[in-house]
Amino acid sequence: MNIEAYMTELGERARTASRLMARADTANKNKALMAMADAIDANRVTLAEANTLDMQSGRDKGLDAAMLDRLELTPARIDGMIEGLRQVAALPDPIGGMRDMNYRPSGIQVGKMRVPLGVIGIIYESRPNVTCEAASLCLKSGNASILRGGSEAIHSNQAIAACIRQGLSAAGLPQEAVQVVETTDREAVGHMIAMPEYVDVIVPRGGKGLIERISADARVPVIKHLDGICHVFIDAEADKSKALNIAINAKTHRYGTCNTMETLLVDRSVAGELLPELAEHYGQLGVELRGCEQTRELLPGIQPATAADWDTEYLAPVLAVKLVADMAEAIAHINRHGSHHTDAIVTENYTKARAFLREVDSSSVMVNASTRFADGFEYGLGAEIGISTDKIHARGPVGLEGLTSEKYVVLGDGQVRV
């Protein structure tokens, strides 16, 4: 296969399909989503058989247990795909909405209209259910998409793609509106991120290495976050019960997610009261603590934290702990070592809470809540394509609106400029 020619053909088809999707009405988009859900439900056996091939290939290649877990399409995950499609169908359609329509002295009316981005390229690893999630969000937001999953999930992704095509056809929408790359050749990714004439934005979902490479080489705008070094700061005026619950949940609810706390900051004045109890809870849950020198004076049995620990996303039952003099030191630490993802303060002081919200430079900043809430579904977006820590276009969880843009619209009645 000539990879360059193949990717160019995909791009041309996607660009043509994007013009049709931009004018597709809400009813047809929802019909396609519901038909996709029905097709997946009707093809459970086919999906399971395809996934079995990927799982066996993964075992033969020595994939680790975590990777195999992400790769597996269990009956519950197939149920989740079906439910996800139906939920996206139920979401409000952002396309075509107009706002801020104001009359100017000339008599023209000026405002903004919500429109699709065009063609979205999504590059992801392992989890075949992302194929369904990505397709649904791009479709509902009026975009065409090119999806490139990991080579380890090629059979599963192609089986899901067949269901997606059935749904598009049932609604009279172009099958090229969602195209799943059929080659496992990595050269395809290189071409995909360098086709600005066909692809309007790239969304990489995967490990830090993948995202760094794509960000460095792309000639197309990228919506991304590299990692999630999230913090919880327990202030001197924190409610003890809230502090304990939040600090435990933010770390132990799930270890392998980008909104999991990786560093706990504690005001020195309350550390003696809180840390021993927290350490007992963490110990019962198998969490390894790595502390600064002052932390180890209170918890002498834990490992010393190195400079690298403050900059590490563990994605594991490991937590760095640091004592700080006050909120100012906590904010300085977060802004220096954090990844601008999600950071939280636990405090009963309204003034401090407001200052923390203003001064922490992250895409999500929280007061008295676990960082695990940094999620499109929890934010009421219905679903998310990913999380962005960039500051232009989309920031934080990226849902339907994050896959759109706005253009100015002008309504006149024959006016000319004089």
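An unreviewed UniProt entry lists the protein chain under the name Gamma-glutamyl phosphate reductase, with Marinobacterium marinum given as the organism. The protein chain has a UniProt comment under Pathway (unreviewed entry) that states "Amino-acid biosynthesis; L-proline biosynthesis; L-glutamate 5-semialdehyde from L-glutamate: step 2/2."

K.L.:
What's the story with the packing of helix α10 (residues 240-252) against helix α11 (residues 268-284) in this structure? I'm lost.
P.N.:
When two helices pack together, their arrangement is captured by the angle between the axes and the distance separating the axes. Interaxial distance between α10 and α11 falls to 11 Å at its minimum, and their mutual angle equals 35°. Taken as a pair, α10 and α11 cross one another with a handedness that is right-handed. Two secondary-structure elements touch here, α10 through K240, A243, L244, A247, I248, K251 and T252 and α11 through E273, L274, E277, L278, H281 and Y282.

K.L.:
Honestly, the environment of E12 in this entry has me stumped. Any pointers?
P.N.:
Tracing the sequence through the fold places E12 in helix α1 (residues 3-22). Taking the C-alpha atoms as reference, E12 lies 52 Å from L289; in sequence the two are 277 residues apart.

K.L.:
I tried to follow a nonpolar patch on the surface on my own but got confused; where do I start?
P.N.:
Residues F373, Y379 and L381 make up a contiguous nonpolar surface patch of roughly 260 Å² in combined accessible area. Position of L381 among the secondary structure elements: in the loop between β13 (364-367) and β14 (386-388).

K.L.:
What am I meant to see in the layout of surface pockets here?
P.N.:
The probe, sized like a water molecule, is rolled over the atoms to show the empty space still left. Put simply, the second largest pocket is a space of about 310 Å³. Looking at the second largest pocket, it is lined by 14 residues, and the ones nearest its centre are E125, R148, G150, R186 and L210. For the lining of the second largest pocket, the secondary structure elements donating two or more residues are β3 (119-124) and α9 (208-217). Considered class by class, the residues forming the lining of the second largest pocket number 5 nonpolar, 4 polar and 5 charged.

K.L.:
Hey, could you run me through helix α6 (residues 129-140) in this one?
P.N.:
The α-helix advances 3.6 residues per turn, and as a result positions three or four apart in sequence lie on the same side. Under the 1.5 Å per step criterion, the end-to-end length of α6 is 17 Å for 12 residues, consistent within 8% with the ideal 16 Å. Of all 12 residues that make up α6, 11 are buried, and the element is covered over most of its length. Within the sequence span of α6, burial applies to N129, V130, T131, C132, A134, A135, S136, L137, C138, L139 and K140. Just downstream of α6 lies G142, where phi reads positive at about 80°.

K.L.:
Explanation requested: empty space enclosed by the protein in the structure shown.
P.N.:
One pass over the full model with this rule turns up 1 cavity of 30 Å³ or more. In terms of lining residues, the largest cavity is bounded by R148, G149, G150, S151, I154, N157, Q158, V180, V181, T183 and T184. Looking at the lining of the largest cavity residue by residue, the classes come out as 3 nonpolar, 7 polar and 1 charged.

K.L.:
Please clarify how the domain arrangement of the protein chain should be interpreted in this entry.
P.N.:
Interface size, as often reported, equals the accessible area lost upon joining of the parts. Annotation of the protein chain at the domain level lists domain 1 (3-223 + 394-411) and domain 2 (230-378). For domain 1 and domain 2, the distance between their C-alpha centroids amounts to 34 Å. The partner domain 2 presents 8 residues to the 4 residues of domain 1 that form the contact. With both sides pooled, the region where domain 1 packs onto domain 2 buries about 380 Å², and carbon together with sulfur makes up 53% of that total.

K.L.:
What is the right way to read the nonpolar core from this model?
P.N.:
As a rule of thumb, soluble globular proteins bury nonpolar side chains together. Within the largest apolar cluster, 71 residues are counted, with the highest numbers of intra-cluster contacts made by M7, I40, I122 and I202. Those residues in contact with I122, other than ones at most four positions away along the chain, are A134, C138, I146, L147, R148, M192, V203 and I385.

K.L.:
How should the packing of aromatic side chains be read in this particular structure?
P.N.:
Each aromatic ring pair is specified by the distance between its two centres and by the angle formed by the two planes. Within this structure, the stated rule accounts for 0 aromatic pairs. Between K322 and the ring centre of W310, over which it is positioned, the NZ or CZ distance is 5.6 Å.

K.L.:
How should I be thinking about the pairing of strand β12 (residues 342-346) in this particular structure?
P.N.:
Here is the key point about a regular strand: its side chains alternate between the two faces of the sheet. For β12, a buried count of 5 out of 5 residues is recorded, marking the element as mostly surrounded by other parts of the structure. Side chains T342, A344 and V346 of β12 all project onto a buried face; the interleaved residues D343 and I345 project onto the opposite face, where all are buried too. Looking at chain direction, strand β7 (residues 230-234) and β12 are connected through 4 bridges and run parallel. In the strand pairing of β12, H231 is matched with D343. Bridge analysis of β12 against β13 gives 4 bridges, and the strand direction is parallel. Bridge pairing in β13 links A344 to M366. Read from β12 through helix α14 (residues 350-359) to β13, the crossover connection turns out right-handed.

K.L.:
I'm lost on the sheet that holds strand β2 (residues 109-116) in this one. Help?
P.N.:
Two pairing modes exist for strands in a sheet, parallel and antiparallel, and in both the strands are linked by backbone hydrogen bonds. Across the sheet, which stays open at both edges, the 3 strands sit in the order β1-β2-β16 with antiparallel pairing between neighbours. Across the chains shown, the open sheet's two edge strands, defined by having one partner strand only, are β1 (98-103) and β16 (404-411). Looking at each pair of strands side by side, their axes are set apart by 25° on average, direction ignored.

K.L.:
Can you walk me through the sheet that holds β13 in this structure?
P.N.:
Here we have 7 strands laid out as an open sheet, ordered β10-β9-β11-β8-β7-β12-β13, and parallel in their pairing. Unpaired on one side and paired on the other, β10 (303-304) and β13 mark the two borders of the sheet. Of the strand pairs in this sheet, strand β9 (residues 288-291) and β10 are connected by 2 bridges, and their pairing is parallel. Counterpart to R290 in the pairing with β10 is Q303. On top of the sheet, α10 reaches β7, β8 (261-267), β11 (318-324) and β12; it is set at about 160° to β8, its chief contact.

K.L.:
What is the right way to read the UniProt feature "domain: Aldehyde dehydrogenase" (unreviewed entry) in the protein chain from this model?
P.N.:
In this structure's numbering, the residues bearing the UniProt feature "domain: Aldehyde dehydrogenase" (unreviewed entry) are residues 12-287 and 310-374. Secondary structure content for residues 12-287 is 52% helix and 16% strand, while the C-alpha to C-alpha distance between its ends is 50 Å. Annotated as 32% helix and 25% strand, the span residues 310-374 places its first and last C-alpha atoms 21 Å apart.

Scoring rules and cut-offs
Residues numbered from 1 in each chain as written. Predicted model: local features only at pLDDT ≥ 70, side-chain atom pairs only at ≥ 80, totals over all residues. Heavy atoms only, no water. UniProt positions renumbered as here; feature names shortened; annotations may be inferred. Axes fitted to C-alpha atoms, helices over the stretch in contact; angles between N-to-C directions. Helix = DSSP H or I, 4+ residues; strand = E, 2+ residues; numbered from the N terminus. Left-handed = near helix turned anticlockwise from the far one by under 90°. Contact = heavy atoms within 4.5 Å. Patch = residues over 30% accessible without salt bridge, like charges linked within 9 Å, V, L, I, M, F, W, Y side chains within 5 Å. Areas by Shrake-Rupley, 256 points an atom, 1.4 Å probe, with all protein chains shown as cover. Salt bridge = Lys/Arg side-chain N within 4 Å of Asp/Glu carboxyl O. 1 Å grid on protein atoms, 1.4 Å probe; cavity = no way out; pocket = protein on both sides within 12 Å on 5 of 7 lines; lining within 4 Å. Points joined across faces, edges and corners; volume = space filled by probe spheres on them. Nonpolar A, V, L, I, M, F, W, Y, C, P; charged D, E, K, R; others polar. Expected span 1.5 Å × (residues − 1). Buried < 20%, exposed > 50% of the residue type's maximum accessible area, 1.4 Å probe, protein only. Domains from an automatic or database assignment. Buried area = accessible area lost by both parts, 1.4 Å probe. Core = buried A, V, L, I, M, F, W, Y, C linked by side-chain atoms within 4.5 Å. Phe/Tyr/Trp six-rings, centres within 6.5 Å; stacked < 30°, edge-to-face > 60°. Lys NZ or Arg CZ within 6 Å of the ring centre and 35° of its normal. Pairing = 2+ DSSP bridges. Right-handed = clockwise from strand over helix to strand, strands pointing away.

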